[in-house]
Amino acid sequence: MTETDVVIIGAGHNGLACAAYLAKAGLSVRALERRTVVGGAAVTEEFHPGFRNSVAAYTVSLLNPKVIRDLRLADHGLRIVERRAQNFLPAPDGSLLLTGEGRTSQSVAKLSAHDTEAISEFSRELEAIADVLRHFVLRAPPNLVEGFGAAALREAFNAAGSANMLRTLSMAQKRDLFDLFTRSAGEMLDERFENDLVKALFGFDAIVGNYASPYAAGSAYVMLHHAFGEVNGKKGVWGHAIGGMGAITQALAHAARGHGAEIETGASVREVIVEKDRAAGVILENGETIRARYVVSNVNPKLLYTRLVPAHALEADFLTRIKRWRNGSGTFRMNVALSALPSFSALPGDGDHLTAGIIIAPSLAYMDRAWHDARDLGWSREPVVEMLIPSTLDDSLAPPGLHVSSLFCQHVAPELPEGRSWDDHRDEVADLMIATVDKYAPGFAASVIGRQALTPLDLERDFGLLGGDIFHGALTLNQLFSARPMLGHADYRGPLKGLYHCGSGAHPGGGVTGAPGHNAAKVILADHRALFASR
Ligand SMILES: Cc1cc2nc3c(=O)[nH]c(=O)nc-3n(C[C@H](O)[C@H](O)[C@H](O)COP(=O)(O)OP(=O)(O)OC[C@H]3O[C@@H](n4cnc5c(N)ncnc54)[C@H](O)[C@@H]3O)c2cc1C
């Protein structure tokens, strides 16, 4: 048996960020990772001999600039580059939309004069709101507490602070914000734009990792969630980490170890030790016991409370509610090794558009159909695919002259109808995804020399993502802000003393942000100081 101040269950990017902040503050920290590599969903691995790629998360924007600065990730080897074009949307009729600095207006103008004006206005609207919400990312949301003690006072101040931040928005912007939280992206986009590709550009962000139609209420929030980010100071932009997403988590691990944290791989936690309503440590699968003053969970909250914390240690109401936590983002992820770059019918040959997020989903109706299909059949006959070719920006991933591509495919059922298993349909669906790209870029299928396909079941088995949920829980209004992961526990403190949440199942949710890790560390350090001040 060993003892430490802090034990962290999981070394995903949030566990690593939390470890780094706590070790930097002087606490002894052990982070335990079940897999043989750290990084969780943000890792780079060889998926085909000689070809490496970000195997799950594949593109950067949301990683918080304060986390990058505080933990000096650039000094630990992290370099993020911008795409040369942001998004490329080809349509079956040969029309296209190409966005990015200095490109968007010109490209939209070829599609619709009306939308040229409308897109500038909508982008300004989103940006103003995203700017205010960015202030919420690095603080605990107001938490509901019972009674009138010190915690209630603290939360009253927090709520007042949050309300104060919203005051910077005009009344019109507050109404927009309300719409973005409650309405469907589809409705909002239909009201503003006339061209299908322009609507699809924003609509895609509303269904990424969101197993719902773009016309589902609340999908507008998912669109907003993807607008919080920035790359190298440029807001709303997406980029690429040289070396893949694993470069982010390797830099975080380096930073954490530099501050003295111990990080172990192949260390799977079997159980959280609970003594008199207090989390007191963990037991590993190999039987090792590690006692700790603070137990911090980087794993999906439902996984924590239904598999690792003994049921008798939890109140019945808490356990019932956490069992209802909705997982299942409905995503299918492929990595492919390519003998040649694809050539799209809408824009043949090489060019900056091949560095962009290439969205194959030419209209909101296409996305809506894809969702309905998936509900009925398990996947869509015409699926939504985002394709990136990171080797166009990073020559460390593939042998010279060859390429790697990420395919992020939306709207597959987390669990297949009629009890069918994803293990029996992986190849069939992977073939469909490749054929879908091939329709827009003839010859693509023939250029595939190796592939890896991850179904929702694989994402659960390999990465611990329950239901394959990329965000550790759907980003629906009942699972956001003060309700993430549950009303009364939005302040990163679990229902047992000494137990904390630092993963994407806590505010502000999924994405490679580092924010839950940062915020949880702040709360743990505040509790640590209070403990010593009271002695
Ligand atoms: C396919 C896919 C594509 C995505 N694309 C993007 C993208 O392009 N950009 C973006 O910003 N976000 C993306 N995301 C979302 C983002 O990757 C995740 O929200 C984020 O990485 C989660 O980080 P985390 O640290 O909270 O949790 P995780 O990365 O899930 O880390 C949790 C860790 O806990 C470990 N663990 C589980 N059980 C145990 C146990 N019992 N004992 C010890 N360890 C355990 C797991 O192995 C894992 O390493 C994507 C996610 C997926 C899956």
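Below or above, wherever it landed, is the structure these notes cover. Worth saying up front: this structure is predicted, and the values here are computed from it rather than measured.

On a plain count of helices and strands, the protein comes out with 17 helices and 20 strands. Seen along its three principal axes, the alpha-carbon backbone of the protein occupies a region of about 70 × 55 × 50 Å. When burial is assessed residue by residue, the protein has 60% of its 535 residues classed as buried. Within the protein, counting contacts between residues at least 6 apart in sequence, those at least 24 apart form 73% of the total. Split by element, the accessible area of the protein, about 20700 Å² in all, is 52% carbon and sulfur. Positive and negative charge centroids in the protein, built from 52 and 59 side chains respectively, lie 7 Å apart.

This part is about the site of the ligand. Neighbouring the ligand are 33 residues, the closest being Glu33, His472, Ser504, Gly511 and Val512. For the ligand, an oxygen atom lies 3.0 Å from a polar atom in the backbone of Tyr58. Within the side chain of Asn298, a nitrogen or oxygen atom sits 3.1 Å from an oxygen atom of the ligand. Here the ligand, which alone exposes 1000 Å², has 97% of that area covered by the protein. For the shell around the ligand, the residue count by class is 15 nonpolar, 14 polar and 4 charged.

Of the residues making up helix H7 (residues 185-192), those classed as buried are Ala185, Gly186, Met188, Leu189 and Arg192. Angularly, the buried residues of H7 cover 165° about the axis, an arc narrow enough to put them on a single face. The inward-facing, buried residues of H7 contact helix H4 (113-137), helix H6 (171-182), helix H8 (196-207), helix H9 (219-225) and helix H13 (364-377).

Bridge count for strand S3 (residues 44-48) against strand S4 (residues 51-54) is 4 bridges, and the pairing is antiparallel. The residue bridging Glu45 from the neighbouring strand is Asn53, located in S4.

In this section: the sheet that holds strand S18 (residues 403-412). Either a parallel or an antiparallel arrangement is found when strands of a sheet pair, and the pairing is made through backbone hydrogen bonds. The 7 strands lie next to each other as S7-S6-S16-S17-S18-S15-S19, forming an open sheet whose pairing is mixed. Only two strands of the sheet have a single neighbouring strand rather than two, namely strand S7 (96-99) and strand S19 (448-454). Strand-to-strand twist of the sheet, defined as the mean angle between neighbouring strand axes without regard to direction, takes the value 20°. Across 4 bridges, strand S6 (residues 87-90) lies against S7 in antiparallel orientation.

Two quantities define a packed helix pair, namely the angle between the axes and the distance from one axis to the other. Packing of H4 against helix H5 (residues 150-166) leaves a shortest axis separation of 10 Å and a crossing angle of 160°. Put simply, H4 runs roughly antiparallel to H5. Like other packed secondary-structure pairs, H4 and H5 cross with a definite hand, here right-handed. On H5, the residues that touch Val132, His135 and Phe136 of H4 are Ser162, Met165 and Leu166. By residue class, the composition of the contact of H4 with H5 is 4 nonpolar, 2 polar and no charged.

This part is about the side chain of Ser380. When you line up the elements, Ser380 lands in strand S17 (residues 379-388). Here His411 takes part through its backbone oxygen, which lies 3.1 Å from a polar atom of the side chain of Ser380. Once residues lying within four places of it in the same chain are set aside, the contact partners of Ser380 are Ala370, Asp373, Ala374, Gln410, His411 and Leu432.

Phe202, Met223, Leu224, Phe332 and Met334 are the most contacted members of the largest nonpolar core, which has 86 residues in total. Take this core: its biggest share by element is 10 residues, from H4. Apart from the residues lying within four places of it in its own chain, the contact partners of Phe332 are Leu407, Phe408, Cys409, Val412, Trp422, Arg426, Val429, Ala430, Met433, Ala453, Leu454 and Thr455.

What helix H11 (residues 301-308) keeps buried is the set Pro301, Leu303, Leu304, Tyr305 and Leu308. Among the structural elements, strand S1 (2-9), strand S12 (269-275), strand S14 (289-297), helix H12 (316-323) and strand S20 (499-501) are those in contact with the buried residues of H11. For H11, the N-terminal cap is Asn300; the gap from its side-chain oxygen to the backbone nitrogen of Lys302 is 2.8 Å.

All right, on to the environment of Thr306 then. With respect to the secondary-structure elements, Thr306 resides in helix H11. For Thr306 and Thr320, which are 14 residues apart along the polypeptide, the C-alpha to C-alpha distance reads 9.8 Å. The contacts of Thr306, once residues within four sequence positions are left out, are Ile322 and Lys323.

Reading the values: the criteria
Residues numbered from 1 in each chain as written. Predicted model: local features only at pLDDT ≥ 70, side-chain atom pairs only at ≥ 80, totals over all residues. Heavy atoms only, no water. Helix = DSSP H or I, 4+ residues; strand = E, 2+ residues; numbered from the N terminus. Buried < 20%, exposed > 50% of the residue type's maximum accessible area, 1.4 Å probe, protein only. Contact = heavy atoms within 4.5 Å. Areas by Shrake-Rupley, 256 points an atom, 1.4 Å probe, with all protein chains shown as cover. Lys, Arg positive; Asp, Glu negative; His and termini not counted. Charge placed at Lys NZ, Arg CZ, Asp CG, Glu CD. Near = heavy atom within 4 Å. Polar contact = N/O pair within 3.5 Å; in protein donor to acceptor, adjacent residues only side chain to side chain. Nonpolar A, V, L, I, M, F, W, Y, C, P; charged D, E, K, R; others polar. Arc of directions from axis to C-beta. Pairing = 2+ DSSP bridges. Axes fitted to C-alpha atoms, helices over the stretch in contact; angles between N-to-C directions. Parallel < 35°, antiparallel > 145°, perpendicular 65-115°, else oblique. Left-handed = near helix turned anticlockwise from the far one by under 90°. Core = buried A, V, L, I, M, F, W, Y, C linked by side-chain atoms within 4.5 Å.

That is the geometry; function is a separate question.
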